[in-house]
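Reading the structure
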Amino acid sequence: QNLHQIIKKMPLVKVNIYNKQKVKRDQEIRWTISITKFRQYFEQNKQLKCIPILMSYDDMANGIEYLVIMKTESTQCDVGISFNYDSITKRIDQVTGFHLDKEAILQQHQLVMTHEHNLQCKCIESWNDHPTITHLTIG
């Protein structure tokens, strides 16, 4: 199965959502996307680039996951979709999260890349990070 098939069939409301960090409760601005709209956004994304990120500091060997940036609308923020990839079977095991925090993803990406890569990294430069949206709800 490819990522498009998985997103089309899986129960999206059961996936972990990683909202922006360091936001005070009274400053939260939630963006609610219906399941149908989320899937429509994803279907519109044809050229996905996989970016390695570190999701577990406890298990560096198995803590590496991959992330694609899902473009939404210019007035909203993009959403990162992380997943496990089995290099032996060359298949996506499961979607592990939806991410809003571009800065946290950049840090997680830099942890798995070389210093030389990080000096000129543009891997998440295209991520539209709407400054006021801090939390995501799907459903």
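It should be noted that the structure appears before, not after, this text.
The shown structure was predicted, so the numbers you read here are calculated from the model rather than taken from an experiment. Each residue is numbered by its place in its chain's sequence as written, counting from 1. Only residues with pLDDT of 70 or above have their local features reported here, since the model is predicted, and side-chain atom pairs are shown and tallied only from 80 upward, although totals for entire chains, interfaces and linings are computed over all residues. To obtain the side-chain values, all non-hydrogen atoms of the structure were used and water was disregarded.

Take the overall build of the chain next. For the chain, the helix and strand inventory stands at four helices and seven strands. Going from the N terminus to the C terminus, the chain shows its helices and strands as α-β-β-α-β-β-β-β-α-α-β. For the chain, the C-alpha radius of gyration of 15 Å lies close to 14 Å, the compact-globule estimate for 139 residues. Overall, the C-alpha framework of the chain stretches about 35 × 35 × 30 Å when taken along its three principal axes. We call a residue buried when its accessible area falls under 20% of the maximum for its residue type, exposed when it is over 50%, and partly exposed in between, using a 1.4 Å probe and counting protein chains only. Put simply, the chain has 139 residues, and 41% of those count as buried. Of the contacts made within the chain by residues no fewer than 6 positions apart, 64% connect residues no fewer than 24 positions apart. Using a 1.4 Å probe, accessible areas were evaluated by the Shrake-Rupley method; residue-level cover was limited to the displayed protein chains. For the chain, the exposed surface amounts to about 8,400 Å²; the carbon and sulfur share of it is 49%. Asp and Glu count as negative and Lys and Arg as positive, but His and the ends of the chain are not part of the count. By convention, the point assigned to a charge is CZ for Arg, NZ for Lys, CD for Glu and CG for Asp. Within the chain, the 15 negative side-chain charges are centred at a point lying 7 Å from the centre of the 17 positive side-chain charges. Only runs of H or I of at least four residues qualify as helices and only runs of E of at least two qualify as strands under DSSP, and these elements are numbered from the N terminus. We compute the radius of gyration over the C-alpha atoms and compare it with the globule rule, which gives 2.2 Å times the number of residues raised to the power 0.38. Only heavy atoms matter for contacts: two residues are in contact if any of them lie within 4.5 Å across the pair.

Pairing is possible between side chains that carry opposite charge, provided their charged atoms lie close to one another. In the sections that follow, a salt bridge refers to a side-chain nitrogen of Lys or Arg positioned within 4 Å of a carboxyl oxygen of Asp or Glu. One pass over the structure, following the stated rule, counts three salt bridges. Salt-bridge contacts for Glu28 lead to Arg30; the nearest nitrogen and oxygen are separated by 3.9 Å. Given the relative accessible area of 27%, Glu28 is considered partly exposed. Since its relative accessible area comes to 46%, Arg30 is described here as partly exposed. Here Asp78 makes a salt bridge to Lys71, at a shortest N to O gap of 2.7 Å.

The aromatic pairing rule takes the rings of Phe, Tyr and Trp, using the six-membered ring of Trp, and pairs them if the centres are within 6.5 Å, calling planes under 30 degrees apart stacked, those over 60 edge-to-face and the rest tilted. Summed over the entire model, instances satisfying the criterion amount to four aromatic pairs. An angle of 55 degrees between the planes, with centres 6.2 Å apart, marks the rings of Trp31 and Tyr41 as tilted. Of this pair, Trp31 sits in strand β2 (residues 30-33) while Tyr41 sits in helix α2 (residues 35-44), and the two are ten residues apart along the sequence. Residue class for Trp31 comes out buried when judged on its relative accessible area of 10%. According to the relative accessible area criterion, Tyr41 is buried, its value standing at 4%. On the basis of an interplanar angle of 55 degrees and a centroid distance of 4.8 Å, the ring pair of Phe38 and Phe98 is categorised as tilted. Here the residue Phe38 occupies a position in helix α2, and Phe98 occupies one in strand β6 (residues 91-99), the gap between them amounting to 60 residues. Comparing Phe38 with Phe98 shows no difference in burial state: the two are buried. An aromatic cluster of three or more residues is present, and its members are Tyr66, Phe83 and Tyr85.

Just geometry here; none of it tells us what the structure is for.
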